[in-house]
Protein chains: 2
Amino acid sequence: MAHASKPLRIALAGLGTVGCGVIRLLDANAAIVRARAGRELQVVAVSARDKGKQRGVDLGRFAWEDDMTAMAARDDVDVVVELVGGSDGPALTLARNTIKAGKGLVTANKAMIAHHGMELARLAEAARVPLKFEAAVAGGIPVVKGLREGTAANAIEHIYGILNGTSNYILSTMEATGADFADTLKEAQAKGYAEADPTFDIEGTDAAHKLAILASIAFGSQVDFAAVECEGIAQVRAADIAQANALGYVIRLIGMADVETGDDGASRLLQRVKPCLVPRDHPLAHVTGATNAVVAEGNYSGRLLFQGPGAGDGPTASAVVADLIDIARGETSAPFSVPVADLVAMPAAGSGNRTGRTYLRFTVTDRPGVLAEITAAMRDAGVSIESMIQQGQKSAGGEVLVAMVAHDGPEKNVSHVLELLGASPSLTADPLVMQIIEG
Amino acid sequence: MAHASKPLRIALAGLGTVGCGVIRLLDANAAIVRARAGRELQVVAVSARDKGKQRGVDLGRFAWEDDMTAMAARDDVDVVVELVGGSDGPALTLARNTIKAGKGLVTANKAMIAHHGMELARLAEAARVPLKFEAAVAGGIPVVKGLREGTAANAIEHIYGILNGTSNYILSTMEATGADFADTLKEAQAKGYAEADPTFDIEGTDAAHKLAILASIAFGSQVDFAAVECEGIAQVRAADIAQANALGYVIRLIGMADVETGDDGASRLLQRVKPCLVPRDHPLAHVTGATNAVVAEGNYSGRLLFQGPGAGDGPTASAVVADLIDIARGETSAPFSVPVADLVAMPAAGSGNRTGRTYLRFTVTDRPGVLAEITAAMRDAGVSIESMIQQGQKSAGGEVLVAMVAHDGPEKNVSHVLELLGASPSLTADPLVMQIIEG
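Residues numbered from 1 in each chain as written. Chains lettered and ligands numbered in written order. Predicted model: local features only at pLDDT ≥ 70, side-chain atom pairs only at ≥ 80, totals over all residues. Heavy atoms only, no water.

Chemist: Give me the lowdown on helix H4 (residues 110-127) of chain B, citing residues and values where you can.
Modeler: Turn by turn, an α-helix covers 3.6 residues, leaving residues three or four places apart pointing in a common direction. Residue and element names in this part refer to chain B. Along its 18 residues, H4 runs just 22 Å from first to last C-alpha, ending more than 12% under the 26 Å computed at 1.5 Å per residue. At histidine 116, H4 is deflected by roughly 80 degrees, the largest bend along its length. Among all positions in H4, only Ala111, Met112, Ile113, Ala114, His116, Gly117, Met118, Leu120, Ala121 and Ala124 are buried. Residues of H4 that are buried make contact with strand S4 (79-82), helix H3 (89-100), strand S5 (104-107), strand S6 (131-132) and helix H9 (205-219). (Helix = DSSP H or I, 4+ residues; strand = E, 2+ residues; numbered from the N terminus. Expected span 1.5 Å × (residues − 1). Bend = angle between axes of the 7 residues up to and from the residue. Buried < 20%, exposed > 50% of the residue type's maximum accessible area, 1.4 Å probe, protein only. Contact = heavy atoms within 4.5 Å.)

Below is the structure:
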């Protein structure tokens, strides 16, 4: 019955590791995929920059398009899979053309969805075609589906997690080895866990792309990547990890989002990516290596955790093909769970109203009066100190680390400390401030 | 547009904590649910054994049916939600009648799906109506959806997890307090974590129901609850937990399933529920309290973890309403991911071919020669000892615990040890054998 259905005909743009992974998956798992999809998933055309490149997969059976944007116009294609990357350029052109041509689009392109997801979803809803992007967030973990559908009955109270495998690999490796950031990054690059240009990963941009997508689905708000407060991990030192450990915490780059209600009754969305202290008995503290993990707290479901490999050709291909199976099965609901017209344009909350315990670390010159200067600034800003650790002299230059934990209090007071100390010649580097996640 | 659609009209059978939770959720989250479902989810009729019972929810707005099986015949109902429980009896009659009347069925009834899931899915496929049971497995964790859809592109290699909250609460409480099983069970009952009759939970039956359902979806096999090898936690002593801890492990009741290929090339399904030793750095070792967690290892996705509250009115209602939203959105794929006709009747593998490291614990009389007797039996069965711990005299009766870890080897050899020692008067209780999960 279902097996007699017509195949779902696919054009695949981008033949890097993920694109080739999709082809390998469709070959290796053909029978399973066909049984679950109810029909064959058939790649009919492919496109990439370099036709001649050796990729280890047989491409001779597919039509080749030199111009990938021409995929959208092919009569023999039902769905285009976009694996080119880049928020704009050919990927975006292909995406628009595909949807306007009445074809479904599956993409792993987090940057494009973070920047243009609203436009593309609006186009897809108007054209009544599927737009799916499970692979754009957290590799093979079905967390887009988990939020769109699995927790659909819930008001989501918080969503947070480890959304960048490279950063998590670096932080958990620093934790295991005691090595500093720069050396660990080099090692990660040598092992293929970090790219030659790791900027997007270590500065939090990649996590912010994913967070903006998840927040939209979770909170029914328009994707607002520009509003994500973003801070990377390059400032985290081995000494910070050691101090956190002594306090019972590990350091993780956490993307978090939630909605606060202002005094005016309006909802505001806080989205931020920052290194944070996570208690050692928290599920996210056990997430090591390139793994991703997302916690969603629903008002009825309670705290749910989705965890798994966050990147790589296999996991990403798994997510791409899951989307294709959904399309083959006729799944048609709104890309962001509710129609774009019903997504709220939610103003950004900013961190100003937040309270919590905070880890502060200063690097200072080793001379009399520096500690008095710091503690006076904290007093003047209304930040009270829960515990303080001064580390012995570390470098020939006489640099000393001072780490402290501030009691539960407004984050803006902590920011004020940094302002008060901003011009101080006693500080040898920018202070590092990390929120402490409780329970 | 979507908002102008007709409501999805629901009849709710069973008004215990979960049934009332569903009503409360639909009230509290009405706007969100309507936006995500694309139309209203409207309860029109309810039924329960006792009409007069105070439940803390307003039932006056719904039609009342004294005979719950009559729900199926109502013209004003699109979907029946079955929350009555029991593998047979009124729940099964209602389920059959509902589907035969061309209505959708949503159920949280793991026993019914484990015993009659194939019949009901066959009926539902023939009637082209949805049959959904996310709430039957692991409360609010969307793991049925995760396997049906999220990992649909994968050949699943293993599935295993913590599927019973009561058992996990007891084991992790024993771990935290050092108390023995009986006292911890009593405390769990007093706190509402264990039922007055805890048999289904502590003997593994509840976990086996869930495992049989997950295994069918994961491996494309017919649900085969009868083939689940099942052993509960009542034999686990505080001393076992202490020994496991000394070895770097915790004890968890693990449901696991995978497929082995026999010498004849045929696939055989192993399903078992057993207390196991889990390494302290394994994600499942950190799952404490009434939490559930499922690991699915796909050949492309890698190891995925789904974790959250495994029971309770809120989480279960979350799963029930997620199914209703799927139905409202028009989701129509096969209940067990592939049509029942394509599910394989897979013979049971049994544990005979399995190998691994094993924990064995004997309780013996404290007299000369007992240890020689045990070690001789192990030698004769070809089981080699990796480490052995003999505990000092424990009881007035002179009972002594002997715990050991056997090297990686065939499980059937370990079973042979138990046969050899079966008639020995030296043993004061049945030995406890637990598999050690690696990595």
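Chemist: Please give an account of the domain arrangement of chain A that cites residues and values.
Modeler: All names here are of chain A. Assigned domains of chain A: these are domain 1 (2-136), domain 2 (143-310) and domain 3 (355-435). A straight line from the C-alpha centre of domain 2 to that of domain 3 covers 25 Å. Contact residues are listed per partner, giving 15 residues for domain 2 and 19 residues for domain 3. By the criterion of area lost to domain 3, the three top residues of domain 2 are Gln235, Arg237 and Gln243, representing 35% of everything that side buries. Put simply, domain 2 and domain 3 have 3 salt bridges between them. The residue arginine 272 makes a salt bridge to glutamate 411 at a minimum N-O spacing of 2.6 Å. Scanning the region where domain 2 abuts domain 3 turns up 9 residue pairs in polar contact (both at pLDDT 80 or more). Of all the secondary-structure elements, those providing two or more residues to the side of domain 2 that touches domain 3 are helix H10 (238-246), strand S9 (249-261) and strand S10 (267-279). Here the side of domain 2 that touches domain 3 takes 5 residues from S10, the largest share from any one element. Of the residues contributing to the side of domain 2 that touches domain 3, the split by class is 8 nonpolar, 2 polar and 5 charged. (Domains from an automatic or database assignment. Buried area = accessible area lost by both parts, 1.4 Å probe. Salt bridge = Lys/Arg side-chain N within 4 Å of Asp/Glu carboxyl O. Polar contact = N/O pair within 3.5 Å; in protein donor to acceptor, adjacent residues only side chain to side chain. Nonpolar A, V, L, I, M, F, W, Y, C, P; charged D, E, K, R; others polar.)

Chemist: A description of the relation of the copies chain A and chain B should follow, citing residues and the corresponding values.
Modeler: The two copies are related by a screw operation: chain A maps onto chain B through 180 degrees of rotation and 0.0 Å of translation along the axis, at an RMSD of 0.0 Å. Given the turn and translation reported, the copies of this chain are related as if by a two-fold rotation axis. No C-alpha of chain A lies nearer the rotation axis than that of A:Phe306, which sits 2.5 Å from it. (Least-squares fit on C-alpha atoms with pLDDT ≥ 70 in both.)

Chemist: Give a detailed account of the sheet that holds strand S8 (residues 229-230) of chain B, specifying residues and quantitative values.
Modeler: Spatially, 12 strands are ordered S8(A)-S10(A)-S9(A)-S7(A)-S11(A)-S12(A)-S12(B)-S11(B)-S7(B)-S9(B)-S10(B)-S8(B) in an open sheet, and the strand pairing comes out mixed. A strand with exactly one partner marks an edge of an open sheet, and here the two such strands are strand S8 (229-230) of chain A together with S8 of chain B. In the packing of helix H9 (residues 205-219) of chain A onto the sheet, contacts are made with strand S7 (156-162), S8, S9, S10 and strand S11 (291-298) of chain A, and the angle to S10(A) comes to roughly 130 degrees. Lying over the sheet, helix H6 (residues 165-177) of chain B contacts strand S7 (156-162), strand S9 (249-261) and strand S11 (291-298) of chain B, oriented at roughly 140 degrees with respect to S9(B). (Pairing = 2+ DSSP bridges. Axes fitted to C-alpha atoms, helices over the stretch in contact; angles between N-to-C directions.)

Chemist: Tell me what's going on with the sheet that holds strand S3 (residues 63-64) of chain A, and back it up with residues and numbers.
Modeler: All names here are of chain A. Taken in spatial order, the 6 strands of this open sheet run S3-S2-S1-S4-S5-S6, and their pairing is parallel. The sheet terminates laterally at S3 and strand S6 (131-132), the two strands that pair on one side only. Of the pairings in the sheet, the one linking strand S2 (residues 41-47) to S3 comprises 2 bridges and is parallel in character. For valine 46, the partnering residue across the bridge sits in S3 and is tryptophan 64.

Chemist: With reference to specific residues and values, describe the interface of chain A and chain B.
Modeler: Residue-level contacts link 53 residues of chain A with 53 residues of chain B. At the boundary of chain A with chain B, total buried surface from both sides reaches about 4200 Å², with 55% on carbon and sulfur atoms. Applying the counting criterion to the chain A and chain B interface returns 2 salt bridges. We note a salt bridge from A:Lys145 to B:Glu149, for which the minimum N-O separation is 2.7 Å. The tally of links between chain A and chain B comes to 23 residue pairs in polar contact (both at pLDDT 80 or more). When contributions to the side of chain A that touches chain B are tallied by element, the ones reaching two or more residues are helix H1 (17-28), helix H2 (30-37), helix H5 (143-150), H9, strand S12 (302-309) and helix H11 (313-328) of chain A.

Chemist: Give me the lowdown on the packing of helix H12 (residues 370-381) of chain A against helix H13 (residues 411-421) of chain A, citing residues and values where you can.
Modeler: All names here are of chain A. Put simply, H12 and H13 touch, their axes get as near as 8 Å, and they point 135 degrees apart. The angle between H12 and H13 places the two elements in the oblique class. Crossing of H12 over H13 shows right-handed handedness. Residues Glu373, Ile374, Ala377, Met378, Asp380 and Ala381 of H12 pack against Asn413, His416, Val417, Leu420 and Leu421 of H13. When its residues are assigned to classes, the contact of H12 with H13 shows 7 nonpolar, 2 polar and 2 charged. (Parallel < 35°, antiparallel > 145°, perpendicular 65-115°, else oblique. Left-handed = near helix turned anticlockwise from the far one by under 90°.)

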